[in-house]
Amino acid sequence: MATQATAQGRLSFLRIAIALQTLTILLQAISAGLLLTTSYGETLHGIGARVMWAAALLYVLAAVLAWKPGGGSPRPIGQAAVFLVLASAQVALGIAGMTAVHVPLGVLMFGLSVLALARR
């Protein structure tokens, strides 16, 4: 019974991590709009990029904890790793100013994150 409660806690930590990632990606879309219309938008978007990347890293940690000690499936680890790679690419593309790829990748990441959240 205690093992089941621990596994359930690990899975809810995974769900929280995915929800946090989804929220940070949504906030990045909002700050991108502010980037175009306000003087402080660039600062918010830059800070948000770091927070979004950290949320993707937290997702990887949560997936590992849900798998190894929690006894869950290793599948979310691969999904989380893909998000971390996408987040890293997104940051690099943003720094490089490649908006033609940066913006669609952000939309894709948001959709995939919502899908991952719906599956948990």
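Since the structure is predicted, the reported quantities are computational estimates derived from the model, not experimental observations.

Caption draft 1: A look at helix H3 (residues 75-96). For H3, spanning 22 residues, the distance from its first C-alpha to its last is 32 Å, which sits close to the expected 32 Å at 1.5 Å a residue. Along H3, the residues that are buried comprise Pro76, Ala80, Phe83, Leu84, Leu86, Ala87, Gln90 and Leu93. With its phi angle positive at about 75 degrees, glycine 97 sits one or two positions after the end of H3.

Caption draft 2: Spatial organisation of helix H4 (residues 99-119). With 21 residues, H4 should cover 30 Å at 1.5 Å per step; its first-to-last C-alpha distance of 30 Å lies within 8% of that length. What H4 keeps buried is the set His102, Leu105, Gly106, Met109, Ser113 and Ala116. Seen along its axis, H4 keeps its buried residues to an arc of 110 degrees; they face one direction. Among the exposed residues of H4, those oriented more than 90 degrees off its buried face are Ala100, Val107, Ala118 and Arg119.

Conventions adopted
Residues numbered from 1 in each chain as written. Predicted model: local features only at pLDDT ≥ 70, side-chain atom pairs only at ≥ 80, totals over all residues. Heavy atoms only, no water. Helix = DSSP H or I, 4+ residues; strand = E, 2+ residues; numbered from the N terminus. Expected span 1.5 Å × (residues − 1). Buried < 20%, exposed > 50% of the residue type's maximum accessible area, 1.4 Å probe, protein only. Arc of directions from axis to C-beta.

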